[in-house]
Amino acid sequence: MAAPSNSFTTVVPVASIPYYRGFDSPTGSLTVTESSLVDRFGRSIHYLRISVTDRCDFRCVYCMSEDMTFLPREQLLTLEEIDQIAAAFIELGVDRIRITGGEPLVRRNIVELFRELGRHDGLRDLTLTTNGSQLARYARDLREAGVTRVNISLDTLRVDRFKAMTRVGDLGKTLQGIDAAIEAGFERVKLNSVILKGHNHDEVVDLVDFAVERGIDISFIEEMPLGDNGDHSVADVHYSSQQIREQLAERYSVQPSAERTGGPARYWRIDGYPGTRIGFISPHSHNFCDDCNRVRLTSEGLLLLCLGQEHSVDLRHVVRAWPGDRERLKQAIVDAMQIKPKGHEFDLKSNEVLVRHMNMTGG
Ligand code: SAM
Ligand code: SF4
């Protein structure tokens, strides 16, 4: 079905297939290079984020509501199916995979998945985002399995606040997880902090002090309107990256840096502290869509083309309807690039939130 046009470029007619969601089936054709996925806007996709479960042992106020209904287990991709899909992406040129969730480390036998993923030639970066609650137990095994970098969510250093923001979490366990990650020798350990006005905005400097003392990175994230959180309006608690930088400037001398680590964060360096970079993920104040290089696989096997839109392709249907058919799976992935939207449309002035919570999407 592919019509070769030269040795490096193939023009692929996009089939009208029944597993597209959130838009009309695409028509026309798209261009793929032999080693990369390229969308209609010329963006090369080489980064896949995989949510391995929607379940979590926390209920963070910006991520979930208190009463969550999770997917029945049979709707989740099996670990084998996740590995098959990851393998297809790697064959199409994806060289970075981040495992996320929900909380990835609550999924049974998750280390096995990391071991399988770590065996794929062509995968340059295998990373994990975790709340750290189980990391003390798993850090060493994950490093041995080939995990290169770990992001650990930490929004506050105060025990009572940690309990309030996660609704159930135990700060001590996450701190032990951070220590274990540093001890295990990952290439980089980074903290992720979602800053909300009136919740934790007064801890920005303390969080950077904590990162500096340990020689690890930290990224500050503006909250995105995903799912009803049952706690606050996103606009009411919005605290911008610029406000964070102004606070930091009172204590540190920070300079913008051109460095990127493959994700949406923009980095700043601190004079005198080379071990710590400060990242800013600013969906509201600095749209990161123009150079988006990523797509996401949800725990039920939907390939989401954009964090902030509903365009998706049901890859679980493909792997279950045509078991072992790698070429068909790759074709579905190639076709999906045609419907990757130009960008998210998060709008603080609108009260609208996407129905999908972050634990479905995989942050
Ligand atoms: N459970 C893991 C964790 O907390 O790190 C992985 C999944 S979590 C959904 C991934 C990241 O998304 C976390 O750093 C979390 O802080 C962030 N996150 C969750 N909800 C968010 C939201 N509404 N806006 C921005 N970031 C969010
Ligand atoms: Fe769980 Fe992570 Fe969402 Fe918090 S941000 S509820 S730890 S998935």
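Residues numbered from 1 in each chain as written. Chains lettered and ligands numbered in written order. Predicted model: local features only at pLDDT ≥ 70, side-chain atom pairs only at ≥ 80, totals over all residues. Heavy atoms only, no water.

Enquirer: How should the packing of helix α6 (residues 204-214) against helix α8 (residues 241-249) be read in this particular structure?
Expert: When two helices pack together, you describe them by how their axes are tilted relative to each other and by the distance separating the axes. Remark: α6 packs on α8, axes separated minimally by 9 Å, with the N-to-C direction vectors making an angle of 70°. With respect to α8, the axis of α6 lies roughly perpendicular. Crossing of α6 over α8 shows right-handed handedness. Along its contact with α6, which presents V204, V205 and V208, the element α8 presents I244, Q247 and L248. The residue makeup of the contact of α6 with α8, split by class, is five nonpolar, one polar and no charged. (Axes fitted to C-alpha atoms, helices over the stretch in contact; angles between N-to-C directions. Helix = DSSP H or I, 4+ residues; strand = E, 2+ residues; numbered from the N terminus. Parallel < 35°, antiparallel > 145°, perpendicular 65-115°, else oblique. Left-handed = near helix turned anticlockwise from the far one by under 90°. Contact = heavy atoms within 4.5 Å. Nonpolar A, V, L, I, M, F, W, Y, C, P; charged D, E, K, R; others polar.)

Enquirer: Sorry, what's going on with the environment of D325 here?
Expert: Its place among the elements puts D325 in the loop between α9 (315-321) and α10 (326-336). Between the alpha carbons of D325 and Q84 there is a distance of 9.9 Å; along the sequence they are 241 residues apart.

Enquirer: For this particular structure, what's the right way to read the confidence of the model for the protein chain?
Expert: The predicted structure's coordinates, where accompanied by low pLDDT, should not be read in detail. In this model, the protein chain carries a mean pLDDT of 86, and residues with pLDDT of at least 70 account for 83%. For residues 1-35, every residue scores under 50 in pLDDT, and the model assigns this stretch 84 contacts once sequence neighbours within four places are set aside. (pLDDT = per-residue confidence, 0-100.)

Enquirer: Teacher, can you tell me more about the site of ligand 2 here?
Expert: Within the structure, ligand 2 sits among C56, F58, R59, C60, Y62, C63, M64, G102 and N131. Looking at the shell around ligand 2 residue by residue, the class counts come to six nonpolar, two polar and one charged. (Near = heavy atom within 4 Å.)

Enquirer: Would you take a moment to explain helix α1 (residues 79-91) for this structure?
Expert: At 3.6 residues per turn, the α-helix brings residues three or four places apart onto the same side. With 13 residues, α1 should reach 18 Å at 1.5 Å per residue; the first-to-last C-alpha distance of 18 Å fits that figure. Every buried residue belonging to α1 is among L79, E81, I82, D83, I85, A86, A87, A88, F89 and I90, and all of these are buried. Once α1 finishes, G93 follows within two positions and takes phi at roughly 105°, a positive value. (Expected span 1.5 Å × (residues − 1). Buried < 20%, exposed > 50% of the residue type's maximum accessible area, 1.4 Å probe, protein only.)

Enquirer: How should I be thinking about the nonpolar core in this particular structure?
Expert: The nonpolar side chains of a soluble globular protein tend to be buried with one another. Counting 98 residues, the largest nonpolar core has F89, I97, L142, F220 and L315 as the members making the most contacts within it. Ignoring anything within four residues of it in the chain, the contact list for F220 reads S193, I195, V204, L207, V208, I244, L248, I278, G279, F280 and I281. (Core = buried A, V, L, I, M, F, W, Y, C linked by side-chain atoms within 4.5 Å.)

Enquirer: Please clarify how α10 should be interpreted in this entry.
Expert: Counting buried residues along α10, eight of its eleven residues qualify, which places the element largely inside the surrounding structure. Every buried residue of α10 is listed here: L329, K330, Q331, A332, I333, V334, D335 and A336.

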